[in-house]
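Survey of secondary and tertiary structure
Here are the chains, one letter per residue:
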Amino acid sequence: MSLQRVQLGRSGIEVTELSYGTLILGKLQADLKPEEGALAVRRALELSVNFIDTAKGYKTYEHTRLGIEGFKDVVIASKSPVPDATDMRKDVEACLSELGRDMIDIFHLHLVRTRDDMKNREGALDTLVRCREKGMIRSIGLTAHGPEGLLCALDYGEIDVVMPIMNKEGLGIIGGTHEEMLDAIEKVYTTGRGVYAMK
C-alpha cells in the first residue's frame, strides 16, 4: 500500500494523506500497555503512514516512542492545553524527552474554544514561538472543536497548521454547525495554513 503525500500549507511539512491518531491506545479509550499500542503504531508506519498524532493528555507518548523506533521518516504532532508560558515549556520538553526526539514537527495549542480562550493562551503561544526559534519544534498549530476556536488562527500569524474536528455528519462540533465549520476551514486554508482534520 502506498499513500499519497501532501504538504501542510506553508509549514513545508510533507505528510501522508492519512495520519495515525494515538488517542485510542491510551487510558482514555483502549488502555493498552505501551508495548501493545506500539504494535499498532508500527503497523501504520509499515503500511506507509508517516504522520503520527499524539498529545500530552492522551498519555500515549511511550506507546508512540516504542512504535516509531527504527523508522526515520516519521512526522509527529503533539498538543498541550496549558495557557501558561512556563507550563507550555515544560510540556514541550516532556514531549521531546518522552518521545526520544530532538524536535517535534508540529506542536498544537490543544482545543482552543473562543477568542477569549485564545487570548488567555498568548503566553503559551509565545513559548511555542521561542521553541520554534530554538529548533525544538518545527511548526506551531492549533486544534479546535468549533468554528470560533478555529478562526482564532486567522488572528495569529505564528500559527502554521490547524487541526479542526470534521466528519461527514458533523458529529462533535461544538458551538456551530457543519456548514459553519466547513466555512471556517476554508477561510483558514486559503491563508496558506496547513489543515488536517480529526475524525
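In this report, we go over the structure that sits alongside the text.

1. Notes on the overall build of the protein
When you go through the protein residue by residue, the secondary structure sums to seven helices and nine strands. Its C-alpha radius of gyration of 16 Å places the protein within 12% of the 16 Å reference for a compact globule of 199 residues. Partitioning the contacts of the protein with sequence separation of at least 6, the portion at a separation of at least 24 is 68%. Carbon and sulfur atoms provide 50% of the accessible area of the protein, an area that totals close to 9700 Å².

2. Re the state of the cysteines
Counting across every chain of the model gives zero disulfides. Free cysteine Cys131: the closest other cysteine sulfur is in Cys95, separated by 11 Å. Taking the relative accessible area as the measure of exposure, Cys131 reaches 0% and is therefore buried.

3. Structural notes on the side chain of Arg193
The residue Arg193 is located in the loop between helix H7 (178-189) and strand S9 (194-195) in this model. For the buried Arg193, which has no salt bridge, the nearest side chain bearing the opposite charge is Asp160, at an N-O separation of 6.5 Å. Polar contacts involving the side chain of Arg193 include one to the main-chain carbonyl oxygen of Ile159, which spans 2.9 Å. At a separation of 2.8 Å, a polar atom in the side chain of Arg193 contacts the side chain of Thr191.

The rules behind each value
- Residues numbered from 1 in each chain as written.
- Predicted model: local features only at pLDDT ≥ 70, side-chain atom pairs only at ≥ 80, totals over all residues.
- Heavy atoms only, no water.
- Helix = DSSP H or I, 4+ residues; strand = E, 2+ residues; numbered from the N terminus.
- Rg over C-alpha atoms; globule rule 2.2 N^0.38 Å.
- Contact = heavy atoms within 4.5 Å.
- Areas by Shrake-Rupley, 256 points an atom, 1.4 Å probe, with all protein chains shown as cover.
- Disulfide = S-S within 2.5 Å.
- Buried < 20%, exposed > 50% of the residue type's maximum accessible area, 1.4 Å probe, protein only.
- Lys, Arg positive; Asp, Glu negative; His and termini not counted.
- Salt bridge = Lys/Arg side-chain N within 4 Å of Asp/Glu carboxyl O.
- Polar contact = N/O pair within 3.5 Å; in protein donor to acceptor, adjacent residues only side chain to side chain.

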